[in-house]
Amino acid sequence: MKKQKKKGSSIRRKLIGIIIPIVLVIIVSFFILARNMVLQISKEALQAKAESYAGRISTWTGQIFGELQIYQNAINDGNFADDAAVLKYLETSVDKNDAYPVGLYMGDDSGVYLDGSGWVPGDDWVLVERDWYVDGKDNETLAFGEPYYDSMTGQVCVSASVKMNYDKAVRVLATDVYLDYVSGLVSEIADAGDVEIFLVTGESRTIIAHPDAEMMALTLDAEGIDAIYGNIGKELSGERRELISVKGDAGSYYACLYPIENTDWYLVTSVTERKMLSDLHWMEMYMVLIAAAATIVLLFAVFRVMNRVVKPVQKVTNVIGQIAEGDFSHDLEVKGNDEIARMSH
């Protein structure tokens, strides 16, 4: 009898040994599938947000260039009798747009300088050494220069400049564009808490908009800042719009580097992998509880089924053993209509 019980236990162990690994494989497979799905959905959401935010900044830069091109074309078309008339026209640009409130100015290598705001440079001011002029004389179309701090306002701004059609000298039209709008937009997005975000130039890797004012005008390879900035700086190239995986002080990040039209700027939006998977962690907890409950129910069902299967087998085995010993006095009664019950008749 002890042997027969042992055989019955062996069958139970074998079935449990088959069922439990299958259940575990199903649970692990579900977790992996759920994790990949959550990551994919989160990545697509991050890319969609990046595209939307970059679109708003691109619209802003496009509006500025559109307005400046009106001035550029009007002057290039020769609609003005002399520089005094051009200056009068430049004066209409003052306070025309909050992005460039001081208006437009223009100068050339012959020493002529026209400023719509009425500002007059000092004697030691050398026009051809100004960054806006150095950049602008090579710009066949309007383009932004490198960012700088305006000493009068303390704000970060960039010069937009273009070479004019003027045969008497190399003449450049320019204006100072303040980045209040993009800084406000970046701060607004960051305050929502969905992503980390900043705006950076492609050539010098200089941060020109960031929720943290102390990060403004720093380069991505500056010392003492989060490692994610340096790693993102290494990835800036070409027309990248895809997600990248980068390391930062807080762990692994997914970042989207989205170029801004008409500029060499990139809008960088990022989120930690841990945050992307935060919803999945709650799901995992629920799934662990469900899996534990399901395993208990399954084991209970296995034991019930095994009792209904193993006991009749044990009974048949006992009777067969007694018959083999020459004892034909035992009747075998197994209820049911299955194979074991039919074998016992």
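Note that the structure is predicted; figures quoted are calculated from it, not measured.

1. Observations regarding a negative patch on the surface
Inference 1: On the surface, a cluster of negative charge is made up of Asp131, Asp135, Glu146, Glu203 and Asp264.
Inference 2: Mapped onto the elements, aspartate 131 comes out in helix α3 (residues 131-136).

2. Examining the side chain of glutamate 67
Inference 1: Structurally, the position occupied by glutamate 67 is in helix α1 (residues 2-76).
Inference 2: Among buried charged residues, glutamate 67 stands out as having no salt bridge; its nearest opposite-charge side chain is lysine 96, 5.9 Å away.
Inference 3: At 3.1 Å, the side chain of glutamate 67 and the side chain of asparagine 97 are in polar contact.
Inference 4: Apart from residues lying up to four places away in sequence, glutamate 67 is in contact with Asn97 and Tyr100.

3. Overview of the layout of surface pockets
Inference 1: The calculated volume of the largest pocket comes to roughly 600 Å³.
Inference 2: In terms of lining residues, the largest pocket is bounded by 21 residues, among which Tyr105, Arg130, Trp132, Tyr148 and Asp176 are the most central.
Inference 3: Among the secondary structure elements, those contributing two or more residues to the lining of the largest pocket are β2 (113-115), α3, β4 (148-149) and β6 (171-178).
Inference 4: Element by element, the count of residues in the lining of the largest pocket is highest for α3, at three residues.
Inference 5: For the lining of the largest pocket, a count of residues per class yields ten nonpolar, four polar and seven charged.

4. Some details on empty space enclosed by the protein
Inference 1: Taken as a whole and judged by the stated rule, the model has one cavity of 30 Å³ or more.
Inference 2: Lining the largest cavity, in full, are Leu68, Leu104, Leu142, Ala160, Val162, Leu173, Ala174 and Thr175.
Inference 3: For the lining of the largest cavity, the secondary structure elements donating two or more residues are β5 (156-163) and β6.
Inference 4: Looking at the lining of the largest cavity element by element, the count peaks at three residues for β6.
Inference 5: Grouping the amino acids of the lining of the largest cavity by side-chain chemistry returns seven nonpolar, one polar and no charged.

5. Structural notes on the packing of aromatic side chains
Inference 1: Here the structure, examined in full by the defined rule, presents 13 aromatic pairs.
Inference 2: Geometrically, the ring pair formed by tryptophan 60 and tyrosine 181 is stacked, given 5.6 Å between the ring centres and 20° between the ring planes. Of this pair, tryptophan 60 sits in helix α1 while tyrosine 181 sits in helix α4 (residues 180-192), and the two are 121 residues apart along the sequence.
Inference 3: Aromatic side chains tyrosine 113 and tryptophan 119 sit 6.2 Å apart centroid to centroid with 90° between the ring planes, which places their arrangement in the edge-to-face category.
Inference 4: Assessed through its relative accessible area of 39%, tryptophan 119 is described here as partly exposed.
Inference 5: Three or more aromatic residues joined by ring pairs form one cluster here, namely Tyr105, Tyr113, Trp119, Trp125, Trp132 and Tyr133.
Inference 6: Here arginine 171 stacks its cationic end above the ring of tyrosine 166, 3.9 Å away from the centre of that ring.

6. So, the pairing of strand β7 (residues 196-201)
Inference 1: Burial of β7 is extensive: five of the six residues sit out of reach of the surface.
Inference 2: When β7 meets strand β11 (residues 265-272), the two strands line up antiparallel, connected through six bridges. Of the residues in β11, the one forming a bridge with leucine 199 is leucine 267.
Inference 3: Sheet topology places β7 next to strand β8 (residues 207-209); two bridges connect them, and they run antiparallel. From the neighbouring strand, valine 200 faces β8, where its bridge partner is isoleucine 207.
Inference 4: The antiparallel hairpin formed by β7 and β8 contains five residues in its connecting segment, where arginine 205 sits at a positive phi of about 60°.

7. Some words on the sheet that holds strand β10 (residues 251-259)
Inference 1: Across the sheet, five strands lie side by side as β8-β7-β11-β10-β9; this open sheet has antiparallel pairing. Across the chains shown, the open sheet's two edge strands, defined by having one partner strand only, are β8 and β9 (243-248). Neighbour to neighbour, the strand axes of the sheet diverge by 40° on average, direction disregarded.
Inference 2: Bridge count for β10 against β11 is seven bridges, and the pairing is antiparallel. Looking at β11, one finds that tyrosine 254 is bridged to valine 271.
Inference 3: Sitting on the sheet, α4 touches β7 and β8, and the angle it makes with β7 is about 155°.
Inference 4: Helix-sheet contacts for helix α5 (residues 227-235) involve β7, β8, β9, β10 and β11, and the interaxial angle to β9 is about 145°.

Rules used throughout
Residues numbered from 1 in each chain as written. Predicted model: local features only at pLDDT ≥ 70, side-chain atom pairs only at ≥ 80, totals over all residues. Heavy atoms only, no water. Patch = residues over 30% accessible without salt bridge, like charges linked within 9 Å, V, L, I, M, F, W, Y side chains within 5 Å. Areas by Shrake-Rupley, 256 points an atom, 1.4 Å probe, with all protein chains shown as cover. Salt bridge = Lys/Arg side-chain N within 4 Å of Asp/Glu carboxyl O. Lys, Arg positive; Asp, Glu negative; His and termini not counted. Charge placed at Lys NZ, Arg CZ, Asp CG, Glu CD. Helix = DSSP H or I, 4+ residues; strand = E, 2+ residues; numbered from the N terminus. Buried < 20%, exposed > 50% of the residue type's maximum accessible area, 1.4 Å probe, protein only. Polar contact = N/O pair within 3.5 Å; in protein donor to acceptor, adjacent residues only side chain to side chain. Contact = heavy atoms within 4.5 Å. 1 Å grid on protein atoms, 1.4 Å probe; cavity = no way out; pocket = protein on both sides within 12 Å on 5 of 7 lines; lining within 4 Å. Points joined across faces, edges and corners; volume = space filled by probe spheres on them. Nonpolar A, V, L, I, M, F, W, Y, C, P; charged D, E, K, R; others polar. Phe/Tyr/Trp six-rings, centres within 6.5 Å; stacked < 30°, edge-to-face > 60°. Lys NZ or Arg CZ within 6 Å of the ring centre and 35° of its normal. Pairing = 2+ DSSP bridges. Axes fitted to C-alpha atoms, helices over the stretch in contact; angles between N-to-C directions.

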